[in-house]
Amino acid sequence: MEPKTVTTERNVANIGVFWNMDDNPIPDGLDPTTVKEFINGAFEDMGYLGRLIQVRAYCENRSELVSYCDAAGILLQNRVSKVGYAEVDHMLVDILTWGLYNQAPSNLMIITKNVSEETELFGVLEDLKLLNYNILVSSLGKDATVDLVCLSTHLFGGGKPVDQSISSHGVSNKLAHVANTGVFWNLDDCEIPDDIDIYQNVKSALANQGCHGQVTIWAYCEEDKEPVPGITLVSAGDETARFKKMLRDILFWALQNPVPCPMTTVPSLMVISNMSRNIKFAYVLQLLASRGYNVLLTVPDEKEYICSVWLYPFLIPSLENFPICKKSDKSLHDIQTGIFWNITGCTFPNDIHLDELNENIKSAIKNQGHNGEVSIKAYWEGSSGLYHWLHGTITFKERVSKDEDPSVTLGNMFVDILSWALDHPAPSNLMVISKAISQETELSSLLQDLESKGYNILVAHAEEAASPVLPPACLEWHFNTLIAGGNPITRTNYSRDVLSIVQNDLSFLRKDCHDTKGNTGIFWSIEDCPIPSGLDPLTFFFDVKKVLWRRNVSVMAYCDQNRSLDDFSLNDNLHITLVHTADKYARIKKMYKDIFLWALENPESNVLVITKSMPFHITYVIDDALSSRNYNLVLADPHAVGYVNSVWISTSLFGGGNPIDPSGRKNLPSSQEVMAKWKITS
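Residues numbered from 1 in each chain as written. Predicted model: local features only at pLDDT ≥ 70, side-chain atom pairs only at ≥ 80, totals over all residues. Heavy atoms only, no water.

## Notes on the overall build of the protein
- The helix and strand tally for the protein stands at 22 helices and 25 strands.
- By residue count, 53% of the 682 residues in the protein fall in the buried class.
- Contacts in the protein between residues far apart in sequence, at least 24 positions, make up 74% of those at least 6 positions apart.
- For the protein, the accessible area works out to roughly 30400 Å², and carbon and sulfur atoms hold 48% of it. (Helix = DSSP H or I, 4+ residues; strand = E, 2+ residues; numbered from the N terminus. Buried < 20%, exposed > 50% of the residue type's maximum accessible area, 1.4 Å probe, protein only. Contact = heavy atoms within 4.5 Å. Areas by Shrake-Rupley, 256 points an atom, 1.4 Å probe, with all protein chains shown as cover.)

Written as structure tokens, this is what we have:
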């Protein structure tokens, strides 16, 4: 291979390599590691001294080669992905994305055997050459040995300049003179309204947000349409073709309109479409936002806003799985007993062995007619000399995990009771052993809630403690009597026969799995995540439900004490339960408990949690408990949307109006304020 003469600037510029393995597979006798060595050697022979950023390879099915490529330091991924109409050529997208991080005259090598003028790849490379990128097209020979460099390389176009008046890319030759704001509009999602000056209205809406520069609009359609003043119509074919062309044109526009450093102006990019619900499309917008672009979005309606923005990126990957339940129906379990023991104040006697203690407790339970399996978990604060007990038939845990936020402490015993209940349907037996169980505690409230779900509640407490308020069918022991294997306290309103009645008659509380599969429970902190300003509350609540496309959707809305349903102009058909709490910490604890209680009655269903203040250790417990039991869980934070700065509903934009604000604030920052923020953080 003869060395090529390159300019000094290109000689030290960065290098990116993109390899189409389907078109140009690994030669016989070589492996990915050897090919990468050949690539490095070829650049050295040609006098290129720049840093080789990364070799990216693409194929139809990556599963067979991925481990070999990983070992060679080559990033391998599937060439094309398709969800619905949205088909993404990852190699083309990655080439343009690479250009955002590596300004011209960086060096771009394409390893493939076919770059004909009819291909999309040819158009992309031609456009990049217009921007002064150094394009190298290479191919690997069919056979090679370790002594033979199999890489043949030539400059794209034979080193001749590209005719700048003609570009197969279609839009790129028009983009060269664009400044400030580019608008990319999918007419299939939002049609051009009649009888209004759409260009001036869009320009006015953008100017109200501080975008005062030149505005250029491209509208993508299936076939030629009547011209519209101020708008360039792009005939791009069907849905798939439009998606691919819009994505490619957006990236190329960004290459031609880089964010300056230091930041003196902010290029603005607007997308009018619902394509942002596609993960790859949203990823590209997020990438541009992270690079300093002012990314704007217009969606057709409120439902699309909820789906593509307000609940993104949490909801979109999960929607496909929401209706699916894989587990087979469970028969009613044998009546089992779970015992949860707070050792503080009810500690082990010194004169009894752990195994004997365990047998005595089980004997006391069995004497009351409970013959099922018994499990015991004990909780303590600190080590307190209990390490010699950490074995055998009783499981020990600390009451509070060290990594818990002290302001939102649930306690391991509280968490474990709810997780145990998910695995042991009513009418299972739940026993709590504690020094005292006062009526005002969260534990007492939890026991009453579980009793209302059909669980049989058993308690044991210190003899000097007052009896807790319990339903008639509950059994109550003094602690010393229980660990000796004795009988419960005689209660005047309790009959031994009540237990069998509970077990036989309350089993209907466990609904048939087919009745609840696919139900959706929404747990929404409306103080943390209010209804966005400018949207009708009634319509918004209905749209949240419609986004999930489930027939049975229930909404629990958590709020401050002074809220009422009148604040949301709702009606009786919406079935929203308003849950009042004292503060955000009480809100978190109440929401946590309600999620589990709802899940008990709705096995293998869907849970959507909307909040921004849930601590990590609590979300981890919820995720671990529900996801491992075949629930579809989505944890959404509308304030975490990172791929867009402002969002319009199409009717507002086309009327020259303002964007929506997900936080409920009245005033949005202008692009100058956005720019000032980037100056401070950069």
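## A word on helix H19 (residues 584-601)
- For H19, built from 18 residues, the straight-helix expectation of 26 Å at 1.5 Å per residue is met to within 8% by its first-to-last C-alpha distance of 26 Å.
- Within the span of H19, buried status applies to Arg 587, Ile 588, Met 591, Tyr 592, Lys 593, Asp 594, Ile 595, Phe 596, Leu 597, Trp 598, Ala 599 and Leu 600.
- The N-terminus of H19 is capped by Asp 583, whose side-chain oxygen sits 3.0 Å from the backbone nitrogen of Tyr 585. (Expected span 1.5 Å × (residues − 1). Polar contact = N/O pair within 3.5 Å; in protein donor to acceptor, adjacent residues only side chain to side chain.)

## Observations concerning the pattern of salt bridges
- Tallied over the full model, the rule gives 12 salt bridges.
- A salt bridge links Glu 120 to Lys 244, with the shortest nitrogen-to-oxygen separation between them at 3.3 Å. You can see Glu 120 sitting in helix H5 (residues 120-130) and its partner Lys 244 sitting in helix H8 (residues 239-256), a full 124 residues away along the chain.
- Taking the relative accessible area as the measure of exposure, Lys 244 reaches 18% and is therefore buried.
- Of the charged contacts in the structure, one is a salt bridge between Arg 629 and Asp 423, with a shortest N-O distance of 2.6 Å. (Salt bridge = Lys/Arg side-chain N within 4 Å of Asp/Glu carboxyl O.)

## A closer look at the sheet that holds strand S17 (residues 429-433)
- Taken in spatial order, the six strands line up as S16-S15-S14-S17-S18-S19 in an open sheet, and their pairing is parallel. Looking at the sheet topology across the chains shown, the edges are occupied by strand S16 (394-398) and strand S19 (475-478). Put simply, the sheet's adjacent strands are angled 20° from each other on average, direction ignored.
- Alignment of strand S15 (residues 374-380) against S16, held across five bridges, turns out to be parallel. (Pairing = 2+ DSSP bridges. Axes fitted to C-alpha atoms, helices over the stretch in contact; angles between N-to-C directions.)

## Here we look at the packing of helix H14 (residues 442-452) against H19
- It is at 11 Å that the axes of H14 and H19 come closest, and there the two elements cross at 20°. It follows from the interaxial angle that H14 and H19 lie roughly parallel. As for how H14 packs across H19, the hand of that crossing is right-handed. Contacts between H14 and H19 involve Glu 442, Ser 445, Leu 446, Asp 449 and Leu 450 on the former and, on the latter, Lys 589, Lys 593, Leu 597 and Leu 600. (Parallel < 35°, antiparallel > 145°, perpendicular 65-115°, else oblique. Left-handed = near helix turned anticlockwise from the far one by under 90°.)

## Points about the pairing of strand S12 (residues 268-272)
- Taking burial as the measure, the five residues of S12 include five buried ones, the bulk of the element.
- Judged from the five bridges that link them, strand S9 (residues 181-186) and S12 form a sheet pairing that is parallel. Among the inter-strand pairings, Val 183 is bridged to a residue of S12, identified as Met 270.
- Bridge count for S12 against strand S13 (residues 294-299) is five bridges, and the pairing is parallel. Considered in S13, the bridge of Val 271 is made with Leu 297.
- Once the chain exits S12 it traverses helix H9 (residues 279-290) before rejoining the sheet at S13, and the crossover so formed is right-handed. (Right-handed = clockwise from strand over helix to strand, strands pointing away.)

## A word on the packing of aromatic side chains
- One pass over the structure, following the stated rule, counts 13 aromatic pairs.
- Ring plane angle 40° and centroid distance 4.9 Å describe the contact between Tyr 592 and Phe 596, whose orientation is recorded as tilted. Taken together, the residues Tyr 592 and Phe 596, both in helix H19 and four residues apart, mark about one turn of the helix. The same class applies to Tyr 592 as to Phe 596, namely buried.
- Clustering of aromatic rings is evident, with ring pairs tying together Phe 184, Trp 218, Trp 253 and Tyr 293.
- Over the aromatic face of Tyr 101 sits the side chain of Arg 291, whose NZ or CZ is 4.2 Å from the ring centroid. (Phe/Tyr/Trp six-rings, centres within 6.5 Å; stacked < 30°, edge-to-face > 60°. Lys NZ or Arg CZ within 6 Å of the ring centre and 35° of its normal.)

## Overview of the sheet that holds S13
- Judged by pairing direction, the sheet is parallel, and its six strands sit side by side in the order S11-S10-S9-S12-S13-S25 without closing on themselves. If you trace the sheet from one side to the other, it starts and ends with strand S11 (231-235) and strand S25 (646-649), each paired once. Between one strand axis and the next, the sheet turns through 20° on average, direction left out of account.
- Along the sheet face, helix H7 (residues 198-208) touches S9, strand S10 (215-221), S11, S12, S13 and S25 and points at about 125° away from the line of S10.
- Where H9 meets the sheet, its contacts fall on S12 and S13, and the angle it forms with S12 comes to roughly 160°.

## Some words on the environment of Ser 63
- Looking at where Ser 63 falls in the secondary structure, it is placed in the loop between strand S2 (52-59) and helix H3 (66-72).
- A polar atom in the side chain of Ser 63 sits 2.8 Å from the side chain of Asn 61.

## A closer look at a negative patch on the surface
- Residues Glu 222, Glu 223, Asp 224, Asp 238 and Glu 239 make up a contiguous surface patch of negative charge.
- Its place among the elements puts Asp 238 in the loop between S11 and H8.
- We classify Asp 238 as partly exposed; its relative accessible area is 42%. (Patch = residues over 30% accessible without salt bridge, like charges linked within 9 Å, V, L, I, M, F, W, Y side chains within 5 Å. Lys, Arg positive; Asp, Glu negative; His and termini not counted. Charge placed at Lys NZ, Arg CZ, Asp CG, Glu CD.)

## What to know about the environment of Asp 449
- Mapped onto the elements, Asp 449 comes out in helix H14.
- Classification of Asp 449 as partly exposed rests on a relative accessible area of 22%.
- With 145 residues separating them in the primary sequence, Asp 449 and Asp 594 have C-alpha atoms 9.6 Å apart.
- If sequence neighbours within four positions are ignored, Asp 449 has contacts with Lys 593 and Leu 597.

## Side note on the environment of Leu 108
- With respect to the helices, strands and loops of the structure, Leu 108 is situated in strand S6 (residues 107-111).
- Once you skip the residues sitting within four places of it in the chain, Leu 108 turns out to touch Gly 16, Phe 18, Ile 95, Trp 98, Leu 125, Leu 128, Asn 134, Ile 135 and Leu 136.

## Focus on the packing of helix H10 (residues 302-310) against helix H18 (residues 537-547)
- At a closest axis distance of 9 Å, the pairing of H10 and H18 adopts a crossing angle of 60°. Note on packing geometry: the crossing formed by H10 with H18 is right-handed. Contacts between H10 and H18 pair Glu 302, Lys 303, Tyr 305, Ile 306, Cys 307 and Trp 310 from the former with Thr 539, Phe 540, Asp 543, Val 544, Lys 546 and Val 547 from the latter.
- Classifying every residue of the contact of H10 with H18 by side-chain character gives seven nonpolar, one polar and four charged. (Nonpolar A, V, L, I, M, F, W, Y, C, P; charged D, E, K, R; others polar.)

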